[in-house]
Amino acid sequence: AIDPQFHENRDQVDEHEGHSVWGPVDEPEELGIHGTHVAVDFDICLADGACLEDCPVDVFEWVDTPGHPESEKKADPTHEAQCIDCMLCVDVCPVDAIDVDAG
Ligand code: SF4
Ligand code: F3S
Ligand code: ZN
């Protein structure tokens, strides 16, 4: 599961589509965590797609990740600023790849 303390345990190493990327990153096998308020651990995501289907405000978009061992696309929190903290995505992800900081 994604580490809910990732902002303390990891370093921000990059930006992507306006959100932070938390390392370590070593493409294409290791992609880190994308997003901060809505954070997706790309190294855990296996492209189930439930988060994209269920998010009521369409926070996520697919991004292609060829060569990653878990899946060749990931749910990117492109519109994390729109999140309404409903926690549906956290509940439906089968591998607990998503953390939403509703605090
Ligand atoms: Fe979307 Fe709700 Fe997840 Fe926020 S908590 S990204 S609104 S499903
Ligand atoms: Fe990935 Fe979980 Fe969404 S596996 S596509 S973050 S439901
Ligand atoms: Zn991203």
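Residues numbered from 1 in each chain as written. Chains lettered and ligands numbered in written order. Predicted model: local features only at pLDDT ≥ 70, side-chain atom pairs only at ≥ 80, totals over all residues. Heavy atoms only, no water.

Q: Mind showing me how you'd approach the environment of Val90 here?
A: Assignment of secondary structure puts Val90 in helix 3 (residues 88-92). For the pair Val90 and Ser71, spaced 19 residues apart in sequence, the C-alpha to C-alpha distance is 19 Å. What Val90 contacts, discounting residues up to four positions off in sequence, is Asp96, Ile98 and Val100. (Helix = DSSP H or I, 4+ residues; strand = E, 2+ residues; numbered from the N terminus. Contact = heavy atoms within 4.5 Å.)

Q: Any chance you could explain the packing of aromatic side chains here in plain terms?
A: What describes a pair of aromatic rings is the distance from one ring centre to the other and the angle between the planes of the rings. Under the counting rule described, the total for this entry stands at one aromatic pair. In this structure, Lys73 packs its charged tip against the face of Trp62, placed 4.1 Å from the ring centre. (Phe/Tyr/Trp six-rings, centres within 6.5 Å; stacked < 30°, edge-to-face > 60°. Lys NZ or Arg CZ within 6 Å of the ring centre and 35° of its normal.)

Q: Help me understand the site of ligand 1, please; the structure alone is not making it clear to me.
A: Near ligand 1 there are 14 residues, and of these Cys55, Cys83, Cys86, Met87 and Cys89 occur at the shortest range. Grouping the amino acids of the shell around ligand 1 by side-chain chemistry returns 13 nonpolar, no polar and one charged. (Near = heavy atom within 4 Å. Nonpolar A, V, L, I, M, F, W, Y, C, P; charged D, E, K, R; others polar.)

Q: Would you mind showing me how to read the nonpolar core here?
A: In summary, soluble globular proteins display a tendency toward joint burial of nonpolar side chains. By size, the foremost hydrophobic cluster in this structure holds 16 residues, and its most contacted members are Val38, Val40, Cys51, Phe60, Cys89 and Ile98. Breaking this core down by element, the ones donating at least two residues are strand 4 (38-41) and strand 7 (98-100). Residues contacting Val38, with those up to four places away along its chain left out, are Val59, Phe60, Pro77, Glu80, Cys83, Ile98, Asp99 and Val100. Counting residues in hydrophobic clusters, the runner-up holds five residues, among them Ile2, Phe6, Trp22 and Ile33. (Core = buried A, V, L, I, M, F, W, Y, C linked by side-chain atoms within 4.5 Å. Buried < 20%, exposed > 50% of the residue type's maximum accessible area, 1.4 Å probe, protein only.)

Q: Would you take a moment to explain the coordination of the zinc ion (ligand 3) for this structure?
A: Ideal geometry at a metal centre: 109.5 degrees between donors when four sit tetrahedrally, and 90 or 180 degrees when six sit octahedrally. Distances from the zinc ion (ligand 3) to its protein donors, His16 (ND1), His19 (NE2), His34 (ND1), Asp76 (OD) and Asp76 (OD), fall at 2.0 to 2.8 Å. Mapping the donors of the zinc ion (ligand 3) onto the primary sequence yields the spacing H-x2-H-x14-H-x41-D. Of this pair, His19 sits in strand 2 (residues 19-22) while Asp76 is found in strand 6 (residues 73-76), placing the two residues 57 residues apart along the sequence. You can call His19 buried: its relative accessible area is 2%. We classify Asp76 as buried; its relative accessible area is 2%. (Donors = N, O, S within 2.8 Å, 3.2 Å for Na, K, Ca; no water.)

Just distances and angles here, no functional claims.
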